[in-house]
Amino acid sequence: MPTENNIKILPKSVVCEESTLRGDITFSSGCVVHPSATIIADAGPIILGENCIVEEYATIAHRLADGASWDANNILSIGSHNVFEVGCTVEAARIGDKNVFESKCFVGRGVTVSSGCVIGAGIQMRTVQLMPENTIVYGQQALQREAIEKQGSQTLQIDFLRKVLPNYHHLRKPNYDPKKARSVV
């Protein structure tokens, strides 16, 4: 595992200084990370897609399996427009686009979340599985069904957070510009 953190924050992202970030993490344009959120990249890099929201006390972890070591090619890819609500813990193998992880849910290491899924409040998903697109997991028995409608856009919430969070919290500055990182041909 690298000995130091490698945090890349692209322009238009709002990442609060009070969040806990460990490892090689890339925040794509438009991401919002609340204070007290935790993102841990122990097994390899984590790349969050555009316009993801990570709320207070939410944890995204890319943990090492028993006997494994840090691997730069073992990337946890998180798609764009995902919402990680208050107190959720997500250790999924892969996450697609436009998913909602509701409050206090737990998604284990063996779960692959496709796109348009909702994991309900307090749901515990610990078994290895591939969630089909537009799946909703709900209720005490963690029942699954297909969504009737597609997930709505979170742009109003993201715009509001981009305006309000800087008024009350210290922010990490964007430190990575993909345009400057390209080599000149």
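Criteria and cut-off values
Residues numbered from 1 in each chain as written. Predicted model: local features only at pLDDT ≥ 70, side-chain atom pairs only at ≥ 80, totals over all residues. Heavy atoms only, no water. Helix = DSSP H or I, 4+ residues; strand = E, 2+ residues; numbered from the N terminus. Rg over C-alpha atoms; globule rule 2.2 N^0.38 Å. Buried < 20%, exposed > 50% of the residue type's maximum accessible area, 1.4 Å probe, protein only. Areas by Shrake-Rupley, 256 points an atom, 1.4 Å probe, with all protein chains shown as cover. Lys, Arg positive; Asp, Glu negative; His and termini not counted. Charge placed at Lys NZ, Arg CZ, Asp CG, Glu CD. Contact = heavy atoms within 4.5 Å. Expected span 1.5 Å × (residues − 1). Bend = angle between axes of the 7 residues up to and from the residue. 1 Å grid on protein atoms, 1.4 Å probe; cavity = no way out; pocket = protein on both sides within 12 Å on 5 of 7 lines; lining within 4 Å. Points joined across faces, edges and corners; volume = space filled by probe spheres on them. Pairing = 2+ DSSP bridges.

A.B. asks: Pulling in residues and values, what's your account of the overall build of the protein?
C.D. replies: The secondary structure content of the protein amounts to two helices and 20 strands. For 185 residues, the compact-globule formula gives about 16 Å, and the C-alpha radius of gyration of the protein, at 16 Å, lands near that figure. Once the C-alpha set of the protein is aligned to its principal axes, its extents read approximately 50 × 45 × 35 Å. The burial tally for the protein puts 45% of its 185 residues in the buried class. Just so you have it, the protein exposes about 9,900 Å², and 51% of that area is on carbon and sulfur atoms. Within the protein, the 19 negative side-chain charges are centred at a point lying 4 Å from the centre of the 18 positive side-chain charges.

A.B. asks: Tell me what's going on with the environment of Leu-76, and back it up with residues and numbers.
C.D. replies: Of note, Leu-76 is situated in strand β8 (residues 76-78). Once you skip the residues sitting within four places of it in the chain, Leu-76 turns out to touch Pro-45, Ile-46, Ile-47, Ile-60, Ala-61, His-62, Ala-92, Ala-93 and Arg-94.

A.B. asks: Any chance you could break down helix α1 (residues 155-168) for me, citing the residues and the numbers?
C.D. replies: With 14 residues, α1 extends 21 Å from end C-alpha to end C-alpha; this agrees with the ideal 20 Å at 1.5 Å per step. The sharpest bend along α1 measures roughly 25° and falls at Arg-162, with the proline Pro-166 sitting one to four residues further on. Here α1 has its buried residues at Ile-158, Leu-161 and Leu-165. Turning to α1, the residues buried within the fold contact β2 (14-16), β4 (32-33) and β6 (53-54).

A.B. asks: How would you summarise empty space enclosed by the protein if you had to cite specific residues and measurements?
C.D. replies: On inspection of all chains with the given rule, the structure shows one cavity of 30 Å³ or more. There is about 30 Å³ of room inside the largest cavity. If you trace the largest cavity, you find it lined by His-81, Val-83, Lys-98, Asn-99, Val-100, Gln-151, Gly-152 and Gln-154.

A.B. asks: Which residues make up the pairing of strand β5 (residues 38-48), and what are the values?
C.D. replies: Among the 11 residues in β5, 10 count as buried, and that is most of the element. Pairing of β5 with β8 involves three bridges; the strand directions are parallel. The partner of Leu-48 across the bridge, within β8, is Ile-78.

A.B. asks: Explain the environment of His-81 residue by residue, including any values.
C.D. replies: Mapping His-81 onto the fold places it in the loop between β8 and β9 (83-84). The class of His-81 is partly exposed, set by a relative accessible area of 27%. Through-space distance from the C-alpha of His-81 to that of Phe-106 is 19 Å; in sequence the pair is 25 residues apart.

A.B. asks: Break down unusual backbone geometry for me, citing the residues and quoting the values.
C.D. replies: Positive phi is not limited to glycine here, since Lys-12 has a value of about 75°. Take Lys-12: it is sitting in the loop between β1 (6-9) and β2. For Asn-134, which is not glycine, the phi torsion reads 60° and is therefore positive. Looking at the element boundaries, Asn-134 is found in the loop between β17 (129-131) and β18 (135-138).

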